[in-house]
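# Inside the fold
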Amino acid sequence: MQPIDRSSPVDIAIVGAGAAGLATGIFAARRDPSLRIVALDGAAKLGAKILISGGGRCNVTNRIISADDYCGGNVHLVRRILAALPVEATITFFREIGVSLHEEEYGKLFPDTNRARTVLDALLGEARRLGIEIRCGRRVTAIERCNEGFRLSVGGEALAAQKVVLATGGLSYPKTGSDGTGYQLASSLGHTLTPTTPALAPLILDGDFHTALSGIAHEVELTIRPAEGKAVRIRGPMLWTHFGISGPAALDASRHWHRAGLEQGGVSMSASFLPGESFETAEAGLVAKAGAQPRALLHTVLSTMLPARVATAMLKQLRISERVQMAHLTRDDRRRLVRGLLEWPMPIMDSRGYAHAEVTAGGVPLTEVNAATMESRVCPGLYLVGEILDVEGRLGGFNFQWAWCTGFVAAGGLTRPG
Ligand SMILES: Cc1cc2nc3c(=O)[nH]c(=O)nc-3n(C[C@H](O)[C@H](O)[C@H](O)COP(=O)(O)OP(=O)(O)OC[C@H]3O[C@@H](n4cnc5c(N)ncnc54)[C@H](O)[C@@H]3O)c2cc1C
């Protein structure tokens, strides 16, 4: 383990050298190369979360980013922070450090190498080029105010720093190092915490409807209905699994399911297997098909609209014969089928929790930092960036963009004169 040089004072101590911590250090050092910046990370190896991100390819950002892609924080503050580092500037930054990006479906931007390692190595290389002292295996267990600014307890040793950046992430994938201690550090310095829940997590279903469908992916629209308030609709691909559902639509739905359960005390969810269709259009479609192909089997017709195995499972559950000819489908059964196609109950028991959640919802309220600098409003000299804040993005590169943007804004705050 590399020692920490204590012979000269630390201007900035960054707690957590993940995406947000590295971005903060790099942008601050670029603005003022004379600063002594130390980044401390509790993990034995750096960047575990970057390496597993995007299926090992790291979805660095998205072609189109807006405040609407985020939940949690006040939308005006989120918009202001996002505006500081537009996507074009993010692309330029990565090109400067040797990572060219290409666009894939849904506007997702990945490194041309298709390797997350390229992104991590480029960030670490740039940080080292700028003289940032990165120390892994250095867990910060306490931070106190003192005359010099702050005193950090790092594995039994003390480190004094004028300014501190909390970039510890949330609770998701704790194996990577983000185990929630950052929240304790923030609250010990006066911050409040919005209760946390997993987000972007696969969902566990009750019953056994899903088990026969494991491995099938198709387009759906999920509707999450809180006990009170507006329903949330999410459209996209969904993957049936042995435990329930995953894939983009399910992952994006998980935060709404958890938050509704936490904040509204109750929630239900259903799926439309014909996204964009209403009861009237879906029923008219089936009537038209019966007119055009009266002798076609119901299952054959349904299999042109959704995966055949899903059609089989649905008809079995609804107790409608697969082999009924379209002309003989009763009005009652047709209407039950349409209701099923549009509002299939999804009896969610839970998500798979933080161990499988890509991000954490909740955390330090955004209103407790100055959105022009990311400096704490309750503890001057403390800055908060990345996932520790009560802001999370949907799937598609939005969470890394939040890390880059908050790091960029904090760098401006950390290096401002006076
Ligand atoms: C499987 C998976 C895939 C993902 N894929 C994508 C994707 O493709 N695109 C995207 O935009 N987002 C993705 N995300 C989300 C994204 O990785 C996070 O939003 C982002 O990494 C958050 O950055 P952060 O720096 O705030 O926190 P983290 O990346 O969690 O980094 C926090 C760091 O702080 C350290 N730390 C914590 N506590 C302490 C302490 N007390 N002392 C010292 N160090 C500490 C940890 O060891 C860790 O290195 C994915 C997440 C997961 C889990």
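Conventions adopted
The numbering scheme is per chain: residues are counted from 1 as the chain's sequence reads. This being a predicted model, a pLDDT of at least 70 is required before a residue's local features are given, and a value of 80 or more before pairs of side-chain atoms are given or counted; all residues contribute to the totals for chains, interfaces and linings. Helix and strand definitions here come from DSSP, where helices need a minimum of 4 consecutive H or I residues and strands a minimum of 2 consecutive E residues; each element is numbered from the N-terminal end. As a rule, residues whose C-beta atom has 12 or fewer other C-beta atoms within 10 Å are exposed, those with 20 or more are buried, and those in between are partly exposed; C-beta atoms are placed from the backbone. Throughout, a residue-residue contact means that the two C-beta atoms, derived from backbone geometry, are no farther apart than 7 Å. Pairing between two strands is assigned when DSSP locates at least 2 bridges connecting them. Fitting a line to C-alpha atoms yields each axis, with helices limited to the stretch in contact; the angle taken between N-to-C directions then spans 0 to 180 degrees. The split of the chain into domains comes from an automatic or database domain assignment. Polarity classes work like this: nonpolar for Ala, Val, Leu, Ile, Met, Phe, Trp, Tyr, Cys and Pro, charged for Asp, Glu, Lys and Arg, and polar for all others, with Gly in that last group. Take the buried Ala, Val, Leu, Ile, Met, Phe, Trp, Tyr and Cys residues, join any whose C-beta atoms are within 7 Å, and the set you get is a nonpolar core. Should the C-beta atom of a residue, placed from the backbone, lie within 6 Å of a molecule or strand, that residue is near it. Here the angle decides the label: under 35 degrees means roughly parallel, over 145 means roughly antiparallel, 65 to 115 means roughly perpendicular, and every other value means oblique. Helix crossings get a hand from a simple test, with the near helix turned counterclockwise from the far one by less than a right angle marking a left-handed crossing and a clockwise turn marking a right-handed one.

## Here's the deal with the overall build of the chain
When its secondary structure is counted, the chain shows 12 helices and 21 strands. Overall, the chain is about 85 × 45 × 35 Å in size when its C-alpha atoms are taken along their principal axes. Within the chain, the fraction of its 418 residues that count as buried is 48%. When contacts within the chain are restricted to residue pairs at least 6 apart in sequence, long-range pairs at least 24 apart make up 75% of them.

## A word on the sheet that holds strand 15 (residues 244-246)
Across the sheet, 7 strands lie side by side as 17-16-13-14-15-12-18; this open sheet has antiparallel pairing. Bordering the open sheet on either side are strand 17 (344-345) and strand 18 (348-351), each of which pairs with just one other strand. Of the strands in this sheet, strand 12 (203-205), strand 13 (217-226), strand 14 (232-240), strand 15, strand 16 (267-272) and strand 18 are in contact with helix 7 (residues 247-263), which crosses strand 14 at around 130°.

## Side note on the pairing of strand 6 (residues 108-111)
In strand 6, alternate side chains face the same way, and those of K108 and F110 on one face and L109 and P111 on the other are all buried. As paired elements, strand 3 (residues 61-62) and strand 6 share 2 bridges and run antiparallel to each other. Bridge assignment links N62 to a residue of strand 6, and that residue is K108. Across 3 bridges, strand 5 (residues 101-103) lies against strand 6 in antiparallel orientation. Directly across from E103, in strand 6, lies its bridge partner L109. Turn length for the strand 5-strand 6 hairpin, with the two strands adjacent in sequence and antiparallel, is 4 residues, and the turn residue Y106 shows positive phi of about 60°.

## What to know about the domain arrangement of the chain
Reports often express the size of an interface as the amount of accessible area lost when the parts come together. Per the domain assignment, the segments of the chain are domain 1 (10-197 + 356-414) and domain 2 (202-352). A separation of 38 Å is found between the C-alpha centroids of domain 1 and domain 2. When its residues are assigned to classes, the side of domain 1 that touches domain 2 shows 5 nonpolar, 2 polar and 3 charged.

## Things to note about the nonpolar core
One finds A13, I14, V15, V164, V165, L166 and L384 to be the most contacted residues of the largest nonpolar core, which totals 82 residues. At 11 residues, the largest contribution of residues to this core is made by helix 12 (residues 398-414). Apart from the residues lying within four places of it in its own chain, the contact partners of V165 are I12, I14, V15, G21, T24, Y383, V385 and A410. Among the nonpolar cores identified, the runner-up in size contains 49 residues, and V232, A249, A250 and L341 belong to it.

## Topic: the site of the ligand
Near the ligand there are 37 residues, and of these G16, G18, G169, G177 and G386 occur at the shortest range. Elements represented by at least two residues in the shell around the ligand include exactly helix 1 (19-31), helix 2 (48-56), helix 6 (181-188) and helix 12. Residue classes in the shell around the ligand are distributed as 15 nonpolar, 17 polar and 5 charged.

## Quick look at the sheet that holds strand 3
Within a sheet, neighbouring strands are paired by backbone hydrogen bonds and run either parallel or antiparallel to one another. Here 3 strands make up an open sheet; going across it, the order is 3-6-5 and the pairing antiparallel. With one partner strand each, in any of the chains shown, strand 3 and strand 5 form the two edges of the open sheet.

## Considering the packing of helix 2 against helix 5 (residues 116-129)
At a closest axis distance of 8 Å, the pairing of helix 2 and helix 5 adopts a crossing angle of 150°. In terms of axis orientation, helix 2 runs roughly antiparallel to helix 5. For the element pair helix 2 and helix 5, the recorded crossing hand is right-handed. Residues I50, L51, S53, G54 and G56 of helix 2 form the contact with helix 5, whose participating residues are A116, R117, V119 and L120. Looking at the contact of helix 2 with helix 5 residue by residue, the classes come out as 5 nonpolar, 3 polar and 1 charged.

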